[in-house]
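Coordinates in review
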Amino acid sequence: MTPIQRKIARHKSLDRFFAFEGLTVMIVALLVLLALVGQLMFDGLTRLSWQFLTSFPSRFPAQAGIVSAWVGTILVMLVTALAAIPLGVGAAIYLEEYAPNNWATELIEINIANLAGVPSIVYGLMALGLLVYQFHLGQSFLTAGLTLGMLILPMVIIATREAIRSVPPYVREAAYALGATKWQTVRDHVVPYSMGSILTGMILALSRAVGETAPLITVGALSFIAFLPHPPWQEAFPFVSFEWLFDPFTVMPIQMFNWVSRPQEEFHVNAAAAGLILLAMTLAMNAVAIVIRARFRKRIHW
Amino acid sequence: MEANVVEMPVEQKAVCMSRPSRFAPRLQERAIERLLQLAAFASVAITFGIVGVLAYESVLFFQEVSIADFLTDRQWTPLFADAHYGILPLVSGTLVTTLVALLVAIPMGSLIAIYLSEYASRKVRECVKPALELLSAVPTVVYGYFALLFVTPALQHIWPGLPGFNMLSAGLVIGFMIVPYVSSVSEDAMRAVPTYLREGAFALGATRMQTALRVVFPSALSGITAAYVLGVSRAIGETMVVAIAAGMQPTLTLNPLEPAATMTAYIVQVSLGDVPHGSVGYRTIFATGLMLLSMTLLFNIAGHVLKKRYRQVY
Amino acid sequence: MKTMDASQTVLKAEARALNFFYGQAQALHAVSLPVYDRCVTALIGPSGCGKTTYLRCLNRMHDLYPGNRYEGEVMLYPDRVNIVGPEVDPIEVRMRIGMVFQKPNPFPKSIYENVAYGLRIRNLSNKRDLDAVVERALREAALWGEVKDRLQASAMNLSGGQQQRLCIARALATSPELLLFDEPTSALDPTATSRIEELVAELKQKVAIVMVTHNMQQAARISDYTAFMYEGRVVEYDRTETIFTNPSVKLTEDYITGRFG
C-alpha cells in the first residue's frame, strides 16, 4: 500500500468507527426509553385493575386508586385548553397576519421566546402569588387549569405560527384578489389550511401539560382527595354547573409523585401503575397528533 | 388613435366607492384585529405577572433578610428555629445536577444529531426522530420514578456506598430527558447547512466524519449553541426528577454522589408543607424562584451572545 | 389586423403619471397608460422592468405589504375613481377588478367552492344562484365540460392547465370589470397555454383585459394594444401591430427583435 492509500484506509476506518459510535449512542438513548417503560411495566402492570381506576386514594396501598386523579387531569386539561388555545391561536394569527413591523411587535416576539424558556415551576410561583392570593381563585381546578394554560401558551403560539407560515403567500393573494378582507382570508383560508398542524401543536402542548407536576404542587394541589368534584352538569336550567371550577384538585402526576415519595414499597407499585396510565395518556396524545398531521398532510400539499 | 377614444359619458364626478353597506364589515374587521392584538399582548401580561410576583415577594423577603446573607451564607435552613438564608447550597445543587445532565446530553445529543443529519438514511431518520421525541414526551415525574427506583439501584451496584438520594442519578436521568431537545435542534441546524459546503469538502477527499466535524458542525454552530442553551434551561429548571431522586436536604457540595436539594426541589418541598402565607418561609420560595429565573435568563443571554458570534451567512 | 369600431375603444382605466415605491426604491416612474374596454392590453419587457408591479397597482395588491406607496393616479371608468387614491378602499377595488396569477393558485377546496368563494364574500349564499353563477363561470372559462361531474372534487387534483382555467373561472364568477393576467401561462405546457390564449381572446368580448407576458409571440397573438416597459418606465405604447411591425423607439425594436432581454 502506498502511504496515501494507507492514509485513506485509516480515515475510512475512523469514519466507520464514528458512524458506529453515533448509532450506538442513538440506540443507548432508545434503550433508556425502553428501560423506563419496562421498569414501569415490571413494577406496575400487576397493579392495574378496575379497582385501581375507580378507587380513591387510601392509607392502605392495596385499596388505593386513582379515580380522583384521572378525573382531575381531564378537568384541568379542559380549563387549560379553553384558556390557552383561543388565546394562543389568536396571538399567532395577530403576529403572522396583522402585526405591523414595529417595536411593540418585536416586544411580543422576544417575550414569547423568553417565556418558552422560563422553568415551569416559576409559572407555579406566579400563579400562587397572583391567582391564589391576589385574585382569590383558591387552590382550585380553575387556578390549576389557568396555570398550565399560561405555561403552554408560548408553545401554542409558536406551533400555530409555524403552521400559519406554511400556507404559501400566493393562496392569501388569491383570496385578497377576489376582494376578501383580511379576516375573511384568515378565517376561510389561512386557518383551515393550517388546521392539521395547528391541531397537532395543540395536542402536543396539552400532552406536555398532562405531565406537568411542579407548577401544580406550587399552587397547592392536594394529593389526598377522597371525593370527586362537583359534576359539571345539574338538574335545573341551565344544566351546566361551574361549581367544580372552585373545588380542590389533584391530577395524575401529583398522585404518582405522592406515592413515589413514600417510603413503603407497596406505594411504589401504585406509583408505577399510575405512571403507566400517565404514560399511556401522553403517548396516546402524541400518537393522535402524529395521525392528524399525516392525515392533513395528505389532504393539503402545497 | 387618440381621436378614436370615446370616454363613457360621465355626468357624475368622482363617485365614492365606499358604499354605506361596507361600513359594518369594516367595523367588524377593526374589532377582530383589536381582539387578536389583545390575545398577543396576553403573553406580555404573563411576563409582567411573573416578574411582578417574584419581585414583589422578594422585596418583602429582602426586607427581613439581607441580600449579602442570601448570597454568601453557606447554610439554607429557613424553616428551622436557627434560620439561615444562604442560597449557595441550593445553587450548588442545581449546578451539579445541571452539569451532570449536560455531560450526558451534549455529547449524546450532538452525536445523534450528526448521525441523523450526516449518516442516517431518510428512512432511519423518520423512524428514529419520533422515537427520540417520545423521550421528551415522558412526564418528568415518571423520570423521577425511573431515577429513584431504577438508576440509583443500578448505580449502587457500581458504588455500593451510594446513598438512595443522590445528584448523580438525578442528573443522569435529566441528561437523557434533554437529549432529544439537543439532538433535534442541532440536527435542524446541521441540515440547514447547504449541500455545496459539504460537496466542497468531499471534493477535497474528506470522509463523512471529517466533513461533519470540520465543515458542517462549525457552520451550524450558531444553531447548535441554541440547542445547548435550550438543554441548559431545561436542566436548570427541571424539578420533579431532582425532588424525587436527589433528596430535599440543602447541602453545599459539589460531589454528585451526595444527596442535595436544588432550588426547584426546595420550592416543591415548601409548597408541600404548610408554611403560612405571608411568612418569611413563604417568601423564601419567591426569592429562590427569582434566583432560578435570573440564572436561566443569564444562560439564555449568554447563549444569545454566542449564537450571534457564531452566526454564519451562507 | 382587428377591425375596431369606436364602441370598442371605450376607455376602461387610465394610469396618469403613476409612480410607485417599494419603501425607498422607486419601481415605477411616471407611468401613463390607457386600458380600453373589451381589448387585451399586453405589457412586455425584460424581467424587473416593472410590468408586474404596474399590474399589481391596478388592484392594489401592493397594499398587502407594508411600506409600499403610490403617487399619481389610476382612473377607473366610467365612474372616474382614482383607484390608487388613499381614500379608496383596496377591497372595493379588488371587488371590481379580478386577477389571475402566474402560478395557478386554486384554494385547496372543492372545484365548486373555488368558484363560489368570490360570491360568498359578496354575501351571495342562495344555493340556486350560486350554482348558476358557478356553472356560468366554468363555462366561460371553458372548464365546465371537464369538471361538471366532479364539482365537489378537490381543485388540487386538476392538471396545471385546468387549475389555471379554474382560477380564471374563479375571477370571472364575480363579473369583474377588468381582468388582470400576470404571465398566466408561464407555468403551463404549450397545449395548456394555447387553450388559455383562446380563452383570453374569447373573454375580451366581455371584459377589459391587461396581461403581463414575457412571451412576445403571445403578446403579438392575442393583444390589441401593447406597452413595452423598461426600468420602470413605459418606453412605447401603441396598437400591437404597430409595436411589432413598426416600433418608433429603437429600444423597443431591439427588444422585440431579441437583441436583449
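Residues numbered from 1 in each chain as written. Chains lettered and ligands numbered in written order. Predicted model: local features only at pLDDT ≥ 70, side-chain atom pairs only at ≥ 80, totals over all residues. Heavy atoms only, no water.

1. As for the overall build of chain B
If you tally the helices and strands in chain B, you get 12 helices and zero strands. Secondary structure of chain B in N-to-C order comes out as α-α-α-α-α-α-α-α-α-α-α-α. Taken against the 2.2 N^0.38 rule, which gives 20 Å for 314 residues, the C-alpha radius of gyration of chain B at 28 Å runs more than 25% over that of a compact globule. With respect to the principal axes defined by its C-alpha atoms, chain B has extents near 105 × 65 × 35 Å. Considering chain B as a whole, with its 314 residues, one finds that 50% of them fall into the buried category. Here chain B displays about 14,600 Å² of accessible surface, and carbon together with sulfur accounts for 65% of that area. (Helix = DSSP H or I, 4+ residues; strand = E, 2+ residues; numbered from the N terminus. Rg over C-alpha atoms; globule rule 2.2 N^0.38 Å. Buried < 20%, exposed > 50% of the residue type's maximum accessible area, 1.4 Å probe, protein only. Areas by Shrake-Rupley, 256 points an atom, 1.4 Å probe, with all protein chains shown as cover.)

2. Looking at the packing of helix α3 (residues 88-119) of chain B against helix α6 (residues 167-191) of chain B
All names here are of chain B. In contact at an axis separation of 5 Å, α3 and α6 are set at 35° when each is read in the N-to-C sense. α3 and α6 meet at a crossing whose hand is right-handed. Of the residues belonging to the contact of α3 with α6, the class tally is 20 nonpolar, nine polar and three charged. (Axes fitted to C-alpha atoms, helices over the stretch in contact; angles between N-to-C directions. Left-handed = near helix turned anticlockwise from the far one by under 90°. Nonpolar A, V, L, I, M, F, W, Y, C, P; charged D, E, K, R; others polar.)

3. Quick word on the interface of chain A and chain B
Interface extent is often summarised as the accessible area lost during association of the parts. Contacts between chain A and chain B engage 71 residues on the former and 71 residues on the latter. Each partner contributes to the roughly 6,500 Å² buried at the junction of chain A and chain B, and carbon and sulfur atoms together form 80% of this total. On the chain A side of the interface with chain B, the three residues burying the most area are F18, M26 and L125 of chain A, jointly 10% of the side's total. Linking chain A to chain B there are zero salt bridges. The dominant element in the side of chain A that touches chain B, judged by the number of residues it contributes, is helix α1 (residues 3-44) of chain A, at 20 residues. Here the side of chain A that touches chain B is composed, by residue class, of 50 nonpolar, 16 polar and five charged. (Contact = heavy atoms within 4.5 Å. Buried area = accessible area lost by both parts, 1.4 Å probe. Salt bridge = Lys/Arg side-chain N within 4 Å of Asp/Glu carboxyl O.)

4. Description of the sheet that holds strand β1 (residues 11-22) of chain C
All names here are of chain C. Across the sheet, which stays open at both edges, the four strands sit in the order β2-β1-β4-β5 with antiparallel pairing between neighbours. Of all the strands in the sheet, just β2 (25-36) and β5 (81-82) have a single pairing partner and so form its edges. Of the pairings in the sheet, the one linking strand β4 (residues 68-76) to β5 comprises two bridges and is antiparallel in character. Bridge pairing in β5 links M75 to N82. Running at roughly 65° to β2, helix α1 (residues 51-58) makes contact with β1, β2 and β4 of the sheet. (Pairing = 2+ DSSP bridges.)

5. Focus: unusual backbone geometry
All names here are of chain C. A cis amide bond, omega 10°, links Y77 with the succeeding residue P78. Despite not being glycine, R60 shows a phi value in the positive range, around 60°. Here R60 shows up in the loop between α1 and β4. Look at R60 and you get buried, because its relative accessible area is 4%. Unusually for a residue other than glycine, E183 sits at a positive phi of about 45°. Within the element layout of this structure, E183 appears in the loop between β7 (178-182) and α7 (190-203).

6. Observations concerning the environment of L188 of chain C
Residue and element names in this part refer to chain C. Mapping L188 onto the fold places it in the loop between β7 and α7. Spatially, the C-alpha atom of L188 lies 9.9 Å from that of Q162, the residues being 26 residues apart in sequence. Sequence-distant contacts of L188, defined by excluding residues within four places in its chain, comprise P104, G160, G161, Q164, T193 and I196.

7. Observations regarding the side chain of T239 of chain B
Along the chain, T239 of chain B turns up in the loop between α9 (221-237) and α10 (240-245). At 3.0 Å, the side chain of T239 of chain B forms a polar contact with the backbone oxygen of G237 of chain B. Setting aside residues no more than four positions away along its own chain, T239 of chain B makes contact with I121 and A214 of chain A together with T264 and V268 of chain B. (Polar contact = N/O pair within 3.5 Å; in protein donor to acceptor, adjacent residues only side chain to side chain.)

8. Some points on the environment of I50 of chain B
Mapped onto the fold, I50 of chain B is located in helix α1 (residues 23-64). Under the relative-accessibility criterion, I50 of chain B is labelled buried at 2%. For the pair I50 of chain B and G289 of chain B, spaced 239 residues apart in sequence, the C-alpha to C-alpha distance is 9.9 Å. Not counting chain neighbours up to four residues away, the residues in contact with I50 of chain B comprise L115, V118, V122, Y123 and M126 of chain A together with L293 of chain B.

9. Comments concerning the pairing of strand β10 (residues 233-239) of chain C
Residues and elements named next belong to chain C. Summarising the sheet, strand β9 (residues 225-230) and β10 pair through six bridges and their orientation is antiparallel. Within β10, the residue paired with Y230 across the bridge is R233. Hairpin geometry of β9 and β10 is characterised by an intervening segment of two residues between the two adjacent antiparallel strands and by a positive phi of about 50° at E231.

10. What about the nonpolar core?
Grouped together as the largest cluster of nonpolar side chains are 178 residues, with contacts concentrated most on L216, F249 and F257 of chain A together with I50 of chain B. Residue contacts for F257 of chain A: discarding those within four places in its chain leaves T213 and I217 of chain A together with V141, M240, A243, I244, V268 and L272 of chain B. The next biggest cluster of nonpolar side chains, apart from the first, holds 43 residues, and it includes M61, V81, V88 and M99 of chain C. (Core = buried A, V, L, I, M, F, W, Y, C linked by side-chain atoms within 4.5 Å.)

11. Re the confidence of the model for chain C
The predicted coordinates of low-pLDDT regions are not to be read in fine detail. Scored by pLDDT, chain C comes out at a mean of 91, with 97% of its residues at no less than 70. Predicted confidence is poor over residues 1-7 of chain C, with pLDDT under 50, and the contacts of this stretch with residues over four places away or in other chains come to 13 contacts. (pLDDT = per-residue confidence, 0-100.)

12. Thoughts on the confidence of the model for chain B
Per-residue pLDDT for chain B has a mean of 87; in total, 91% of the residues score no lower than 70. Across residues 1-21 of chain B, where pLDDT falls below 50, the model places 34 contacts with residues more than four positions away in sequence or in other chains.

13. Some points on the side chain of R125 of chain B
All names here are of chain B. For R125, the position within the fold is in helix α4 (residues 122-137). Here R125 occupies a buried position and makes no salt bridge, while the nearest side chain of opposite charge, E187, is found at 4.2 Å. With near-sequence residues (within four places) excluded, R125 lies in contact with L116, S117, A120, P130, E187 and R191. (Lys, Arg positive; Asp, Glu negative; His and termini not counted.)

14. Here's the deal with the domain arrangement of chain B
All names here are of chain B. Partitioning chain B into structural domains gives domain 1 (20-64) and domain 2 (88-310). In this structure, domain 1 and domain 2 have C-alpha centres spaced 32 Å apart. Taken together, the contacts link eight residues of domain 1 with nine residues of domain 2. The contact between domain 1 and domain 2 buries some 880 Å² in all, and 76% of this surface belongs to carbon and sulfur atoms. Of all residues in domain 1, L54, E57 and F61 give up the largest surface area on contact with domain 2, accounting jointly for 58% of the area buried on that side. Linking domain 1 with domain 2 are two salt bridges, by the criterion used here. At the junction of domain 1 with domain 2, the criterion picks out one residue pair in polar contact (both at pLDDT 80 or more). (Domains from an automatic or database assignment.)

15. Topic: the pairing of strand β8 (residues 208-212) of chain C
All names here are of chain C. Counting buried positions along β8 yields five of five residues, so the element is predominantly enclosed. With burial as the criterion, each face of β8 is covered, one bearing A208, V210 and V212 and the other bearing I209 and M211. The pairing of β7 with β8 spans five bridges and is classified as parallel. Bridge assignment links F181 to a residue of β8, and that residue is M211. Where the polypeptide runs from β7 across α7 and back to β8, its parallel neighbour, the crossover connection is right-handed. (Right-handed = clockwise from strand over helix to strand, strands pointing away.)

16. Remarks on the packing of aromatic side chains
How two aromatic rings sit relative to each other is set out by the distance from centre to centre and by the angle between their planes. Tallied over the entire structure, the rule returns 21 aromatic pairs over all chains. Ring geometry for W76 of chain B and Y266 of chain B: centres 4.9 Å apart, planes at 85°, overall edge-to-face. Here Y266 of chain B lies in helix α11 (residues 263-272) and W76 of chain B lies in the loop between α2 (67-72) and α3, a separation of 190 residues in the sequence. Each member of the pair, W76 of chain B as well as Y266 of chain B, is classed as buried. An aromatic cluster of three or more residues is present, and its members are F61, F62, F70, W76, Y85 and Y266 of chain B. Above the face of the Y98 of chain A ring, K182 of chain A is positioned so that its terminal group lies 5.3 Å from the ring centre. (Phe/Tyr/Trp six-rings, centres within 6.5 Å; stacked < 30°, edge-to-face > 60°. Lys NZ or Arg CZ within 6 Å of the ring centre and 35° of its normal.)

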